[in-house]
Amino acid sequence: MAQHNQPPLTAAEKAKVAWLIGRMAKRGLAGDEVYQGDLERKLEGVLEGARKRQESQSMQ
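Residues numbered from 1 in each chain as written. Predicted model: local features only at pLDDT ≥ 70, side-chain atom pairs only at ≥ 80, totals over all residues. Heavy atoms only, no water.

*Asks:* I'd like a rundown of the pattern of salt bridges, residues and numbers included.
*Replies:* As enumerated under the stated definition, the model contains four salt bridges in all. Here E13 and R53 are joined by a salt bridge, their closest N and O atoms 2.6 Å apart. With E13 in helix α1 (residues 11-30) and R53 in helix α2 (residues 37-59), this pair connects stretches of sequence that are 40 residues apart. Note that E44 is salt-bridged to R51, the shortest N-O span being 3.3 Å. Given the relative accessible area of 17%, R51 is considered buried. Bridged by salt links that share partners, the residues E44, E48 and R51 form one connected network. (Salt bridge = Lys/Arg side-chain N within 4 Å of Asp/Glu carboxyl O. Helix = DSSP H or I, 4+ residues; strand = E, 2+ residues; numbered from the N terminus. Buried < 20%, exposed > 50% of the residue type's maximum accessible area, 1.4 Å probe, protein only.)

Have a look at this one:
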């Protein structure tokens, strides 16, 4: 996953991101052939939600 212009995360979002990255690392230990697309989509969803929140806050 490439790092783009990432918005600031709330404490809950940081916790969710850390949990997802931990699960990805655990799956990574199982081998490179282990599917991680579901976790990557969840992570992207958290980051997208943060981007939308930042946009709505900047419009106010």
